Amino acid sequence: MHKQEKDTQGIPLPDVRCGNGFDVHAFTQGDHVILCGVRIPHTHALAGHSDADVAMHALTDALLGCIAAGDIGTHFPPSDERWRGAPSRLFLQHAADMVRQQGGIITHCDLTIICEAPKLRPHIDAMRANLADILGIAVERISVKATTTERLGFTGRKEGIAALATATVALPAG
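Quantities reported herein were computed from a predicted structural model and do not represent experimental measurements.

## As for helix α4 (residues 124–135)
Consideration 1: For α4, with 12 residues, the first-to-last C-alpha span of 16 Å sits near the 16 Å given by 1.5 Å per residue.
Consideration 2: Looking at α4, one finds that the buried residues are I124, M127, N130, L131, A132, I134 and L135.
Consideration 3: A positive phi of about 70° marks G136, the residue just after α4.

Shown next as structure tokens:
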């Protein structure tokens, strides 16, 4: 436990933490990708040990970062066959449970998914709803955005998808 910090007037400050996560997965043969737990038809799938949900992996790391609990590979190593093909929902739920075990409240999540294809706009609402359900927070506290790299880099060449996530957690004052 850390020392309770106070402002200049002696008022206890809340322990609000921000974590970030980043993940990348390459395309492989397949007919859909899974992003934020939503199956999206596509000309390829994402390669990975689990279901390769690049967005949930980034968000899992962001939540773990809020509580200084390592990264997704620490908790779910790809060398462990138990996680082969596993739904990333399990990883995200584990991180959320760890936050709650420390008395934390997930107050906001912001995800940016970077790809040229597939087009994500039609799926954003379903992605937000699914994340809200897993995390047990209001959908209004979850932002999911999509962008491209203007055809630059590996995402621009349609070789894979990247995701960047930020999470905010309020922990009990020390």
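There's more to say after this.
## Comments concerning the nonpolar core
Most often, soluble globular proteins keep nonpolar side chains buried together rather than apart.
Consideration 1: Of all hydrophobic cores here, the largest spans 45 residues; its most connected members are L35, L59, I113, M127 and L135.
Consideration 2: Only β2 (32–35), β3 (38–41), α1 (54–66), α3 (89–101), β5 (105–114), α4, β6 (142–147) and β7 (160–171) provide two or more residues apiece to this core.
Consideration 3: The dominant element in this core, judged by the number of residues it contributes, is α1, at nine residues.
Consideration 4: Contacts of L135, omitting those with residues within four sequence positions, involve L59, L63, L92, A96, R100, I106, C109 and I142.
Consideration 5: The next biggest cluster of nonpolar side chains, apart from the first, holds five residues, and it includes I72, F76, A86 and F91.

## Notes on the sheet that holds β5
Paired through backbone hydrogen bonds, the strands of a sheet run either parallel or antiparallel to each other.
Consideration 1: Pairing in this open sheet of five strands is mixed, and the strands run β4-β1-β7-β5-β6 from one edge to the other. Looking at which strands have only one partner, the edges of the open sheet turn out to be β4 (44–46) and β6. Shown here is a sheet whose adjacent strand axes are inclined to one another by a mean of 20°, direction ignored.
Consideration 2: Examined bridge by bridge, β5 and β6 share six bridges and lie parallel to one another. Within β6, the position partnered with I113 by the bridge is A146.
Consideration 3: Set on the sheet, α1 makes contact with β1 (15–29), β4, β5 and β7; between it and β7 the angle comes to about 30°.
Consideration 4: Along the sheet face, α3 touches β5 and β7 and points at about 155° away from the line of β5.

Cut-offs applied
- Residues numbered from 1 in each chain as written.
- Predicted model: local features only at pLDDT ≥ 70, side-chain atom pairs only at ≥ 80, totals over all residues.
- Heavy atoms only, no water.
- Helix = DSSP H or I, 4+ residues; strand = E, 2+ residues; numbered from the N terminus.
- Expected span 1.5 Å × (residues − 1).
- Buried < 20%, exposed > 50% of the residue type's maximum accessible area, 1.4 Å probe, protein only.
- Core = buried A, V, L, I, M, F, W, Y, C linked by side-chain atoms within 4.5 Å.
- Contact = heavy atoms within 4.5 Å.
- Pairing = 2+ DSSP bridges.
- Axes fitted to C-alpha atoms, helices over the stretch in contact; angles between N-to-C directions.

Remember, this is a structural readout, not a statement about activity or role.
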